[in-house]
Amino acid sequence: EKVYEHTAKWNTVAVISDGTRVLGLGDIGPKAALPVMEGKALLFKYLGGVDAVPITLDAREPGPLVETVLRLQPAFGGINLEDIAQPKCFEILDTLRARAEIPVWHDDQQGTATVILAGLLNALKVVGKRLDAVEIVFVGAGASNTAAARLIFARGADAARCRVVDSRGLLGPWRSDIEAAQHEYAAKWHLCRITNAEARRGGIAEALRGADVVIAASRPGPGVIRPEWVRSMNAGAIVFACSNPVPEIWPWEAIEAGAAIVATGRSDFPNQINNSLCFPGLFRGVLDARARTITDGMCFAAAEAIASRILHPTAECIVPTMEDEEVFAEEAAAVALQAQQEGLARVQRTREEYRESARSLIRRSRQMAAAAYRDGFIAPAPD
């Protein structure tokens, strides 16, 4: 344990990718993915005060990647997996969580799912509906939506009332194509068996009929979700169209079709659902508590901390923005305290101690960046 006191391990995270599923770019390989991981490391530092090292690996198979990460872990306090294609991303995460002695997190799964949950909790407040009573349709069954569904069901949504659609249509126990590949798509096959109790068949149009919420993380639009399909949803419909760079349906089209609340993955529209609201603060709390792993309970704590920053949610304001410095400190304190309550923390502090420590570290990072700009160590961006 002395290594946490005498080295930088206590505050250092490895950002690991093989470059096989980079947002908006696809399988571009480890060299081309390196700038994206560097950007991730910068967000870690500026938003969470976390030192992050980008590492892109030339390892396309799960086994070598897992073994490399396990050999790297003595130097790090945590591992952030990033932009790894499915289905291997599930196997890699599960294997590392079982074998690693430090927390391992896949941001495309857990981070996105946590922010989706935070936004959903506030959106439901606005329309006056309960999580356990709504019908949710998940459009897309990749890493983000699979994790979002699992987290939302664990938080209280009724899986049997909800539906999942992939590129071949609605999921259900009749999907022999998924059953035949269940060793690779175990999470997806699980969704086939627990959702869509009424055995509805078809595609997105059939899935959305009578739904209260649609959470889409599929492919860039527009036109993936059509306005007439939104019209078939229940009153007070909530539409999360999270694909980048173009959402599955334009926000104004969804609103004209009757949606009460629309969220996207973009910063130039209201209600940006972006995992950058989660991972800097969550890892700040994980590192401060020296947590052994990251659990669903810690994700719930993070989601509730994010949601609570909006005291009075409205249709155009269900989540804070990344400019809200305090959200990351509140999230860190909530996550660290949850780790303590679950017996996973190596240190014991009060909520206020965690909050003040996080504030100090985040403020220090921002002041360092400001000083570097002011003194010319960081050059101005070119015109």
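Sequence order as written defines the numbering, with residues in each chain counted from 1. Note on the predicted model: pLDDT of at least 70 is required for a residue's local features to be given, and 80 or more for side-chain atom pairs to be given and counted; whole-chain, interface and lining totals, by contrast, use all residues. With hydrogens and water set aside, each side-chain value is computed from the structure's full complement of heavy atoms.

A. Summary view of the pattern of salt bridges. Salt bridges, as used here, are contacts in which a Lys or Arg side-chain nitrogen is within 4 Å of a carboxyl oxygen on Asp or Glu. Counted by the stated rule, this structure contains 29 salt bridges. When the shortest N-O distance is used, the salt bridge between Arg168 and Asp177 registers 3.4 Å. For Arg168, a relative accessible area of 67% gives the class exposed. What emerges from the salt-bridge pattern is a single network uniting Glu326, Glu330, Glu352, Arg355, Glu356 and Arg359. Think of it in three bands: with a 1.4 Å probe and only protein chains considered, a residue is buried below 20% of the maximum accessible area for its type, exposed above 50%, and partly exposed in between.

B. View of a nonpolar patch on the surface. Together, Tyr373, Phe377 and Ile378 give the surface a local cluster of nonpolar side chains, amounting to about 370 Å² of exposed area. Numbering of helices and strands runs from the N terminus, with a helix taken as a DSSP run of H or I at least four residues long and a strand as a DSSP run of E at least two residues long. Tracing the chain through its elements places Phe377 in the segment after α15 (351–374). Exposure above 30% relative accessible area and no salt bridge define the residues that can form patches, which grow by joining like charges within 9 Å and nonpolar side chains of Val, Leu, Ile, Met, Phe, Trp and Tyr within 5 Å. Note on areas: these come from Shrake-Rupley sampling with a 1.4 Å probe, and a residue is covered only by the protein chains present in the view.

C. Representation of the environment of Leu70 within the structure. Topologically, Leu70 is positioned in helix α3 (residues 62–72). A relative accessible area of 13% means that Leu70 is categorised as buried. Expressed as a C-alpha distance, the spacing of Leu70 and Ala98, which sit 28 residues apart in the sequence, is 11 Å. The criterion used for residue contact is that any of the two residues' heavy atoms lie within 4.5 Å. Excluding residues within four positions of it along the chain, Leu70 makes contact with Leu96, Arg99 and Ala100.

D. The sheet that holds strand β8 (residues 213–216), seen in detail. Between any two strands, pairing holds if DSSP finds at least two bridges. The strand order across the open sheet formed by six strands is β7-β6-β5-β8-β9-β10, and the pairing between neighbours is mixed. Here the strands that pair on one side only, and so sit at the sheet edges, are β7 (169–170) and β10 (259–264). Examined bridge by bridge, strand β5 (residues 136–139) and strand β6 (residues 163–166) share three bridges and lie parallel to one another. By the bridge assignment, Val137 is partnered in β6 with Arg163. Helix axes use the C-alpha atoms of the stretch in contact, all axes being lines fitted to C-alpha atoms, and the angles between their N-to-C directions lie in the range 0 to 180 degrees. Together, β5, β8, β9 (237–241) and β10 form the strand contacts of helix α5 (residues 107–127), whose direction differs from that of β9 by roughly 155°. In the packing of helix α6 (residues 143–155) onto the sheet, the strands contacted are β5 and β8, and the crossing angle to β5 comes to about 160°.

E. Quick look at helix α13 (residues 296–308). In this model α13 runs 18 Å from its N-terminal to its C-terminal C-alpha over 13 residues, within 8% of the 18 Å that 1.5 Å per residue would give. Taken together, the buried positions of α13 are Gly297, Met298, Cys299, Phe300, Ala301, Ala302, Ala303, Ala305, Ile306 and Ala307. In this structure, the buried side of α13 is in contact with β4 (104–106), α5, α6, α12 (279–289) and α14 (325–341). To estimate the expected span of a helix, subtract one from its residue number and multiply by 1.5 Å.

F. Layout of the environment of Arg226. With respect to the element layout, Arg226 can be found in the loop between β8 and α10 (227–231). The class for Arg226 is partly exposed, based on a relative accessible area of 42%.

G. Inspection of the packing of aromatic side chains at higher detail. Whether two aromatic rings pair depends on their centres lying within 6.5 Å, for rings of Phe, Tyr and Trp, where Trp uses its six-membered ring; planes under 30 degrees apart make the pair stacked, over 60 edge-to-face, and the rest tilted. Taken as a whole, this structure holds seven aromatic pairs when the rule is applied. Geometrically, the ring pair formed by Phe138 and Phe153 is edge-to-face, given 5.8 Å between the ring centres and 85° between the ring planes. Residue Phe138 is found in strand β5, and its partner Phe153 is found in helix α6; the two are separated by 15 residues along the sequence. Its relative accessible area of 14% is what places Phe153 among the buried residues. For Lys40, the ring lying beneath its charged end belongs to Phe279, and the centroid distance is 3.8 Å. Criterion for a charge above a ring: Arg CZ or Lys NZ at most 6 Å from the ring centre, at most 35 degrees from the ring normal. Against the face of Tyr185 rests Lys188, its NZ or CZ located 5.6 Å from the ring centre.

H. Region of interest: the nonpolar core. Core analysis: the biggest nonpolar cluster contains 78 residues, and Leu120, Ile136, Phe138, Ile152, Ile215, Phe240 and Leu282 have the highest contact counts within it. Once residues lying within four places of it in the same chain are set aside, the contact partners of Leu282 are Trp105, Ile294, Met298, Ala302, Glu331 and Val335. Nonpolar cores were defined as sets of buried Ala, Val, Leu, Ile, Met, Phe, Trp, Tyr and Cys residues, with membership established by side-chain atoms within 4.5 Å.

I. How the structure looks around the packing of helix α2 (residues 29–48) against α15. At a minimum axis distance of 6 Å, the contact between α2 and α15 shows a crossing angle of 115°. Comparing their axes, α15 and α2 come out roughly perpendicular. Together, Lys45, Tyr46, Leu47 and Gly48 of α2 and Ile362, Arg364, Ser365, Arg366 and Ala369 of α15 make up the contact between the two elements. The residue classification treats Ala, Val, Leu, Ile, Met, Phe, Trp, Tyr, Cys and Pro as nonpolar and Asp, Glu, Lys and Arg as charged. All others, Gly included, are polar. By residue class, the composition of the contact of α2 with α15 is four nonpolar, two polar and three charged. Oblique is the label for any angle not covered by the other classes, which are roughly parallel (under 35 degrees), roughly antiparallel (over 145) and roughly perpendicular (65 to 115).

J. Spotlight on the layout of surface pockets. Note on definitions: the grid is 1 Å and covers protein atoms alone; a cavity is a set of points where a 1.4 Å probe fits but cannot get out; a pocket is an open set with protein on both sides within 12 Å along at least five of seven lines; lining residues have an atom within 4 Å of a point. Grid points are joined across faces, edges and corners, and a volume is the space filled by probe spheres set on the points. Of the volumes computed, that of the largest pocket is approximately 1400 Å³. Lining the largest pocket are 50 residues, and of these Arg21, Leu23, Ser144, Ala217 and Ser218 lie nearest its centre. When contributions to the lining of the largest pocket are tallied by element, the ones reaching two or more residues are α2, α5, α6, β6 and α7 (176–180). Considering each element in turn, the lining of the largest pocket owes the most residues, four residues, to α2. Looking at the lining of the largest pocket residue by residue, the classes come out as 22 nonpolar, 17 polar and 11 charged. In terms of lining, the second largest pocket is formed by 21 residues, of which the most central are Phe90, Asp94, Gln109, Thr146 and Ala187. Looking at the lining of the second largest pocket, the elements with two or more residues in it are α4 (88–99), α5, α6 and α8 (186–194). The class makeup of the residues in the lining of the second largest pocket is 10 nonpolar, five polar and six charged.

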